[in-house]
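# Chains, contacts and geometry: an overview
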Amino acid sequence: MNTVRSHRYELNLRWTGNLGTGTSGYREFSRAHAIDAEGKPTLYGSADPAFRGDASQYNPEDLLVAALSACHMLWFLHLCAERRIVVEAYEDRPQGVMVHNASGGGRFDSVELKPHVVFADPTQATAAEQLHHTAHERCFIANSVNFPVTVTPTLRP
């Protein structure tokens, strides 16, 4: 892969879950954390509830699936705009599957994106279907993961 240019992303991740005794025991600390980036609001997160996290907060697994979905959407909208295909609404309900291994670790096995798109001109829906393939090929995040990411679009007029 030829690198034409690069971009840097700098964040500050802070664990905020010290309940007074640090990590003195597995059940003795919260998985709460905060993610900051200059000029952006703080994003509060936790672990998945299966790992003693707070279900009301986003966890790293949620954020990975969301990153894949958002990257695909942004590429798709860009490609539609270039071709003068007017998208009026876009919604995705992505699903990721993570599996555990015998040593206690794990990895994502797959993510499926399920975008629902509404077009201003219903006759453009078929032409736009190929753009999902191109968006997937260009998605920075999908090109960075080592598991399959599939796209199953629903195109509505």
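What comes next is a walk through the structure. The structure displayed is predicted, hence computed values, not measured ones. Sequence order as written defines the numbering, with residues in each chain counted from 1. Residue-level local features of this predicted model are given only where pLDDT is at least 70; pairs of side-chain atoms are given and counted only at 80 or more, and the full residue set underlies all totals for whole chains, interfaces and linings. Water and hydrogen atoms play no part in the side-chain values, which are based on all heavy atoms of the structure.

### Some thoughts on the packing of helix H1 (residues 60-82) against helix H2 (residues 125-138)
Every angle, taken between N-to-C directions, lies between 0 and 180 degrees, and every axis is a line fitted to C-alpha atoms, over only the stretch in contact when it is a helix. Where helices and strands are cited, they refer to DSSP runs of H or I of at least four residues and of E of at least two residues respectively, numbered from the N terminus. Interhelical geometry of H1 versus H2 gives an angle of 130° and a closest axis separation of 8 Å. Classified by the interaxial angle, the pair formed by H1 and H2 is oblique. Remark: the crossing between H1 and H2 carries right-handed chirality. Listed contacts from H2 to His-72, Trp-75, Phe-76, Leu-79 and Cys-80 of H1 are Ala-128, Leu-131, His-132, Thr-134, Ala-135, His-136 and Arg-138. Reported orientations rely on four angle classes, namely roughly parallel under 35 degrees, roughly antiparallel over 145, roughly perpendicular from 65 to 115, and oblique for the rest. Crossing chirality is assigned from the near helix's rotation relative to the far helix, an anticlockwise turn below a right angle marking it left-handed and a clockwise turn marking it right-handed. Pairs of residues are marked as contacts when any of their non-hydrogen atoms sit within 4.5 Å.

### Examining the sheet that holds strand S3 (residues 43-45)
Strands are treated as partners if at least two bridges between them are detected by DSSP. Across the sheet, three strands lie side by side as S1-S2-S3; this open sheet has antiparallel pairing. Each edge of the open sheet carries a strand with a single partner, namely strand S1 (12-15) and S3. Strand-to-strand twist across the sheet, computed as the mean angle between neighbouring axes with direction ignored, equals 20°. Examined bridge by bridge, strand S2 (residues 33-36) and S3 share three bridges and lie antiparallel to one another. The residue bridging Ile-35 from the neighbouring strand is Leu-43, located in S3.

### Side note on the packing of aromatic side chains
Geometrically, a pair of aromatic rings is defined through the distance of the ring centres and the angle of the planes. When two rings of Phe, Tyr or Trp (its six-membered ring) have centres within 6.5 Å they constitute a pair, described as stacked for plane angles under 30 degrees, edge-to-face for angles over 60, and tilted for the intermediate range. Taken as a whole, this structure holds four aromatic pairs when the rule is applied. Residues Trp-75 and Phe-140 carry aromatic rings whose centres are separated by 5.7 Å and whose planes lie at 70° to one another, so their mutual orientation is edge-to-face. Of this pair, Trp-75 sits in helix H1 while Phe-140 sits in the loop between H2 and strand S8 (149-151), and the two are 65 residues apart along the sequence. Ring geometry for Phe-76 and Tyr-90: centres 5.9 Å apart, planes at 45°, overall tilted. Within this pair, whereas Phe-76 is found in helix H1, its partner Tyr-90 is found in strand S4 (residues 87-91), the two being separated by 14 residues in sequence. The ring of Tyr-26 is capped by Arg-31, whose NZ or CZ atom sits 4.5 Å from the centre of that ring. Stacked on the ring of Phe-29, the Lys or Arg Arg-31 has its end atom at 3.8 Å from the ring centre. To sit over a ring, a charge needs its Lys NZ or Arg CZ within 6 Å of the ring centre and within 35 degrees of the ring normal.

### Points about a nonpolar patch on the surface
Taken together, the side chains of Leu-43, Tyr-58 and Leu-63 present a nonpolar region at the surface, about 260 Å² in accessible area. In this fold, Tyr-58 is placed in the loop between S3 and H1. Patches draw on residues past 30% relative accessible area with no salt bridge. Two like charges within 9 Å are joined, as are two nonpolar side chains (Val, Leu, Ile, Met, Phe, Trp, Tyr) within 5 Å. Accessible areas in this description were obtained via Shrake-Rupley with a 1.4 Å probe; residue shielding takes into account the shown protein chains only. Throughout this description, the term salt bridge denotes a Lys or Arg side-chain nitrogen within 4 Å of a carboxyl oxygen of Asp or Glu.

### Some details on unusual backbone geometry
Despite not being glycine, Arg-52 has its phi angle at roughly 70°, a positive value. Here Arg-52 is to be found in the loop between S3 and H1. Each residue is assigned to one of three classes by its accessible area relative to the maximum for its type, calculated with a 1.4 Å probe on protein chains only: buried under 20%, partly exposed between the two thresholds, exposed over 50%. Residue Arg-52 is classed as partly exposed on the basis of its relative accessible area, which comes to 37%. In this model, Arg-84 sits at a positive phi of 60°, which is unusual for a non-glycine residue. Assignment of secondary structure puts Arg-84 in the loop between H1 and S4.

### Structural notes on the nonpolar core
Each nonpolar core is a collection of buried residues, namely Ala, Val, Leu, Ile, Met, Phe, Trp, Tyr and Cys, held together in the definition by side-chain atoms within 4.5 Å. Within the largest apolar cluster, 22 residues are counted, with the highest numbers of intra-cluster contacts made by Leu-68, Phe-76, Val-111, Phe-119 and Leu-131. If you list the elements that add at least two residues to this core, you get H1, strand S6 (106-113), strand S7 (116-119) and H2. The leading source of residues in this core is H1, at seven residues. The contacts of Leu-68, once residues within four sequence positions are left out, are Val-111, Leu-113, Cys-139, Ile-141, Ala-142, Val-145, Phe-147 and Val-149.

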